[in-house]
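# Per-entry structural report
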Amino acid sequence: IRGAYWLSSGLLLSAPRRTVGLVINHYSASSMDDDKPATWHRPELKETTKLKFLNSLTRQKDEFIPCNGRRVAWYSCGPTVYDAAHMGHARSFITCDILRRVLIGYFHYDVLYVMNITDVDDKIIAGARRQYLLSWYQGQFNEKRISAEKVLSDIDESVLGFEAKCASEKDAAKKNMLQGIIDVVKKCRAVGDVSEIMAAAASPLSQWLDIKHGAELTDHSIFSALSSRWEADFHQDMEALNVMVPDVLTRVSEYVPEVIGYVMRIIDNGFAYESNGSVYFDTTTFSQHPDHTYAKLVPEAFGDVDAINEGEGELTVSAAHVKEKRSRNDFALWKASKPGEPFWDSPWGKGRPGWHIECSVMASAVIGPHMDIHTGGVDLKFPHHDNEIAQAEACNQDDQWVNYFLHSGHLTIEGCKMSKSLKNFITIKEALKQNTARQLRLAFLLHSWYATLDYSQNTMSEAMQVEKTFSEFFLTIKDVIRSNDTSKPDGYLKWTSVEMQLNASFQERKEAIHVAMCDSVDTPTVLHHMRGLVTISNSYISECKALNVCLLTQIAKYLTYMLKVFGVCKESDLIGFPIEDTASSGDQALLYVEKLAEFRNEVRTIALEQKSTSILVACDKLRDETLPSLGVRLEDKAGRIVVKLVSPEELKCEIEQEQQLKEEQRKRKEQLRLLAEETRREKERKAKIPPSEMFRDETDKYSAFDKDGLPTHDAGGNPITASQLKKLKKLWQQQNDKYQKQLNNDN
C-alpha cells in the first residue's frame, strides 16, 4: 500500500484517512488489472546446528533423535540410600539436572524423567544390621549387662578380624584405610576409657557383631527404617542443591512382583538359570548369541572379577555363591535370602532382587521396552549399566534398549579419588557449609559434564569469581535502568555505530553459545561466551555517555535466561540473581534507599568542605556497615551514588574477603618493610668492616694475606694469579669507599 509503513507493533502510519482511502481505491481499481504482479523470492533455508550428545554406547557425539517426536523418555540411576549423600552424588545429580533443564528450557523437549531409589541392597542390609547391633551392644554396656572387660575383649577380637581383612586386601587405598582404623583403635585402647574405645572401634566392632548375631535378627523393619531415613535426607539435599524432583520416582521394594515376572521372562528366553534358590544371568549364552553383545559400554572390562564382585554386593560374594554360578562372570538377578535378610516369596523360594535387575525392570515398567536417554555416574558403566542392557535385551529379545547412554564424569577431592568405601568423601551438607548451591552448580558448569571434576579450593574460587562477575553486571544494569527512563519516546536512542557493533557482538555470542549447546551441551564454552558478553557490555557502559538501555537490557535478560536454563537462577526475576533475605527488597524500598543515599552524599559533601572527620566517619559507617547488613551496597561514583541491592550474606562475605585481602596486603607490606630494614642493616654492617679484614674470614678460599689484607695465596697455598688479584683489588677498593663513607656518617 503506497504511502503506508508498518512498525513491529503493528501500528499503521499514513497520510490523513481521506488520502488513504483514495490510495486504496486506486490500488484496487487499477493496480490489480494494469500493474505487473510483484515477484517474491523464497529465502534460502540454511542448515541449522543440531543437538548432539556424547553417547557412551558409541563413544562419539551422536545427533539426538528422540523416538517419539519432541517427547523424550529418560531414566536415571538414583542413589542407594544407606548413608548421607556426598559430593560424588552431587556430581551425578546436578549434571543430570543441568542436562534435563537444557532439554526442557533451551531445546523445548517434553521430557519424562524417571529416577529410582535403591532401598533393597546388600549395603542397606549390612548397614542396618550393624547400626542396630552396635546400638544394642552399647545399650547393654550402659545398663551394665556387659562388663568393661568383656567389651575390651570383644573389641580386641574384632580388631584381629580387621587385621586379617587388611592383610588380605589387595587394593592399596583400601588397605591404608583399614590400617588407619586399626591404628586409631589401638592408640585409643592404650589411653582412652571404654566408651571412647568403643566409639573408635565402631567399624570393626559392628562388623564383628554382625558376623556373630546378624543372622538372628527377625525384625525386618530395621531395613526399611534405615532406607526411609536416608531417602528423606537425600531429597533434602537435592532440594538444597536446586535439583528438580523427578517426574516419576520408583523404589525397588515397590516393584518386586514386576522383578519376579521380568526374571521369569529372561529364564524362558534361555538367558538365566536357577541355582540353589537364586537366579543368575547366563553371560556365556548371551554373549554367544548372534543378536547380542555383552558389555557394550566397557567390553574391555568383561571378565573383571573384582568389578563383578563389587556389583554383586558384600553379602553375596562368598565361595559358596561363586560355586552356584556356571561362570564367574554371571551375576544375580534374584538372590536367595539368608537368615537376617529381608525376603519376598518367589517361584524359587524366599529371596530378594539383585542390584542390576531393578533398573531394567522399573525403567521398562514406566517407560516401556525402549528409551531415549539413560544417565548415571561413569563408575556405573561396568558392571551395572552393562548388566542392565543385557537384562533388558534378554527379556525383550531386542538388541537396543537405550539409544543414548550419558555418563557424568568422576569427582576427585583436591586431586585424590573420592570413595565412600575409603571414607574419603565430603557430604553435600558439609559442602553447602562452605559454598552456596549456586556456586557449586557454577563449578560444575565450568567443567564438561562427562569430564573428571576436581572439587578443590581453586575450583570453588573460580566459581565464586564467575558468580561475582555476573552478579556485578546485573547490579550495574539494574542501576542503568533506574537511571534512564525508557518509558517515554525520548528514552529510545538512535543506534550509532557503537550500538551496531555491540549488537553484532551480542548476536555472534548468542550463535556461538547455541553451537556450544548443540555440541553435547558444552557448558564451559557457553560460560566463556557469556562472560565475554559481560566484558563487551561493561566496556560499552564505561566508554559511552548516552547508553542504549534497551539493548543492554536485552543482553542482561538473555544472560539471565541462560542462567535459569542451567538452574543457576531459582526465581523468575527478569534480570540477574534473586535477592534473598533482604530487608530492602522491592521497588518502593529502593526509592527510600536512593533518597537516603542522596542525603548521605549531600552530608558527605558538606563534611568534606568543612573537613569534619567525625561526620565523614559516620557517612562511611553507614555505607560500609549499616546498609550492607540490610542488603544494600552504596558505591560512590563520579557525580552520583549507585545503589545496589544484594543478599546480606553475600555482602557480609564480600566485606570479610575485602578485610582479609587488606590484612594480607598489610602483612605483605610489613614483610617487605622488615626485609628492607634487614637489608639496610646488613648493608650497614658490611660497610663497617675495614677493607683489611674483609677477606680474612674466607679461610676456605685464601691462606695468606699482605699488610692491606689482600690475599696472596689461595687455600691450597698457591699464589694468587694476576687476573684474580686484579678482581680482588677492585673489591677491596669498593669496600674501602663504603667503609670511609660509613666512618664519615658515624662522625
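Because the structure is a prediction, the values reported are computed rather than measured.

What counts as what
- Residues numbered from 1 in each chain as written.
- Predicted model: local features only at pLDDT ≥ 70, side-chain atom pairs only at ≥ 80, totals over all residues.
- Heavy atoms only, no water.
- Helix = DSSP H or I, 4+ residues; strand = E, 2+ residues; numbered from the N terminus.
- Buried < 20%, exposed > 50% of the residue type's maximum accessible area, 1.4 Å probe, protein only.
- Contact = heavy atoms within 4.5 Å.
- Areas by Shrake-Rupley, 256 points an atom, 1.4 Å probe, with all protein chains shown as cover.
- Lys, Arg positive; Asp, Glu negative; His and termini not counted.
- Charge placed at Lys NZ, Arg CZ, Asp CG, Glu CD.
- Pairing = 2+ DSSP bridges.
- Axes fitted to C-alpha atoms, helices over the stretch in contact; angles between N-to-C directions.
- Phe/Tyr/Trp six-rings, centres within 6.5 Å; stacked < 30°, edge-to-face > 60°.
- Lys NZ or Arg CZ within 6 Å of the ring centre and 35° of its normal.
- Parallel < 35°, antiparallel > 145°, perpendicular 65-115°, else oblique.
- Nonpolar A, V, L, I, M, F, W, Y, C, P; charged D, E, K, R; others polar.
- Right-handed = clockwise from strand over helix to strand, strands pointing away.
- 1 Å grid on protein atoms, 1.4 Å probe; cavity = no way out; pocket = protein on both sides within 12 Å on 5 of 7 lines; lining within 4 Å.
- Points joined across faces, edges and corners; volume = space filled by probe spheres on them.
- Core = buried A, V, L, I, M, F, W, Y, C linked by side-chain atoms within 4.5 Å.
- Patch = residues over 30% accessible without salt bridge, like charges linked within 9 Å, V, L, I, M, F, W, Y side chains within 5 Å.
- Salt bridge = Lys/Arg side-chain N within 4 Å of Asp/Glu carboxyl O.
- pLDDT = per-residue confidence, 0-100.

## Focus on the overall build of the protein chain
What the protein chain contains, in helices and strands, is 24 helices and 20 strands. Taking the principal axes of the C-alpha coordinates as reference, the protein chain spans close to 120 × 105 × 60 Å. Buried residues in the protein chain amount to 45% of all 747 residues. By sequence separation, contacts in the protein chain at least 24 residues apart represent 71% of the contacts at least 6 residues apart. Roughly 40,300 Å² of accessible area belongs to the protein chain as shown, and the carbon and sulfur atoms make up 53% of that amount. Computing the positive centroid from 93 side-chain charges and the negative centroid from 106, the protein chain places the two 6 Å apart.

## Overview of the side chain of serine 360
One can find serine 360 in helix α13 (residues 355-367). Apart from the residues lying within four places of it in its own chain, the contact partners of serine 360 are Tyr262, Glu388, Gln391, Ala392 and Trp401.

## Describing the sheet that holds strand β8 (residues 272-275)
A sheet is described by the order of its strands in space; here four strands give the open sequence β8-β9-β10-β11, paired in antiparallel fashion. The sheet terminates laterally at β8 and β11 (351-353), the two strands that pair on one side only. The mean inter-strand angle of the sheet, taken between neighbouring strand axes irrespective of direction, is 25°. Pairing of strand β10 (residues 331-336) with β11 involves three bridges; the strand directions are antiparallel. Bridge pairing links lysine 335 to arginine 352 in β11.

## Things to note about the sheet that holds strand β15 (residues 416-417)
Taken in spatial order, the three strands of this open sheet run β15-β14-β16, and their pairing is mixed. Looking at which strands have only one partner, the edges of the open sheet turn out to be β15 and β16 (453-455). In this sheet, β15 lies alongside strand β14 (residues 411-413) in antiparallel orientation, the contact comprising two bridges. Among the inter-strand pairings, isoleucine 413 is bridged to a residue of β15, identified as cysteine 416.

## Some points on the packing of aromatic side chains
Under the criterion given, the structure shown has 19 aromatic pairs. A network of ring pairs unites the aromatic residues Phe53, Phe64, Tyr109 and Tyr404 as a single cluster. Cation over ring: arginine 91 sits above phenylalanine 444, and NZ or CZ is 5.8 Å from the ring centre. Over the aromatic face of tyrosine 273 sits the side chain of arginine 326, whose NZ or CZ is 4.0 Å from the ring centroid.

## What about the packing of helix α3 (residues 122-142) against helix α8 (residues 221-240)?
Two elements in contact, α3 and α8, have axes whose closest approach is 9 Å; the angle formed by their N-to-C orientations is 105°. Between α3 and α8, the interaxial angle falls into the category roughly perpendicular. Mapping the contact onto sequence places Ile124, Ile125, Gly127, Ala128, Arg129, Gln131 and Tyr132 in α3 and Ile222, Phe223, Leu226, Ser227 and Arg229 in α8. When its residues are assigned to classes, the contact of α3 with α8 shows seven nonpolar, three polar and two charged.

## A closer look at the pairing of strand β13 (residues 402-408)
By the criterion of burial, β13 is predominantly enclosed, with seven of the seven residues buried. Running through helix α14 (residues 381-396), the crossover from strand β12 (residues 371-377) to the neighbouring parallel element β13 is right-handed.

## Examining empty space enclosed by the protein
Enumeration according to the criterion identifies two cavities of 30 Å³ or more in this entry. The calculated volume of the largest cavity comes to roughly 60 Å³. Every residue lining the largest cavity is counted, eleven residues in all, and those nearest its centre are Pro79, Val81, Asp83, Ala85 and Phe234. Sorting elements by how many residues they give to the lining of the largest cavity places α8 first, with three residues. Each residue belonging to the lining of the largest cavity can be placed in one class, and the counts come to six nonpolar, two polar and three charged. Quantified by volume, the second largest cavity comes out at close to 30 Å³. Surrounding the second largest cavity, Arg91, Thr95, Ile98, Phe444, Leu445, His447, Trp449 and Thr523 form its lining. The set of elements that each furnish at least two residues to the lining of the second largest cavity consists of α2 (87-106) and α16 (437-445). The residue inventory of the lining of the second largest cavity, partitioned by class, reads four nonpolar, three polar and one charged.

## Digging into the nonpolar core
One finds Phe53, Leu103, Met517, Met530 and Phe566 to be the most contacted residues of the largest nonpolar core, which totals 118 residues. If we skip the residues at most four places from it in the chain, methionine 530 touches Phe470, Ile513, Leu559, Met562, Leu563 and Phe566. One finds Tyr262, Ala295, Val361 and Phe382 within the second-largest nonpolar core, a separate group that totals 47 residues.

## Regarding a negative patch on the surface
On the surface, a cluster of negative charge is contributed by Asp171, Asp304, Asp306, Glu310 and Asp379. The residue aspartate 379 is located in the loop between β12 and α14 in this model. Overall, aspartate 379 belongs to the exposed group, its relative accessible area being 53%.

## Side note on the confidence of the model for the protein chain
When pLDDT is low, close inspection of the predicted coordinates is not appropriate. Put simply, the protein chain has an average pLDDT of 89, and 91% of its residues get 70 or more. Across residues 1-31, where pLDDT falls below 50, the model places 21 contacts with residues more than four positions away in sequence or in other chains. Per-residue pLDDT stays below 50 along residues 581-585; that stretch engages in 14 contacts with residues further than four places along the chain or on separate chains.

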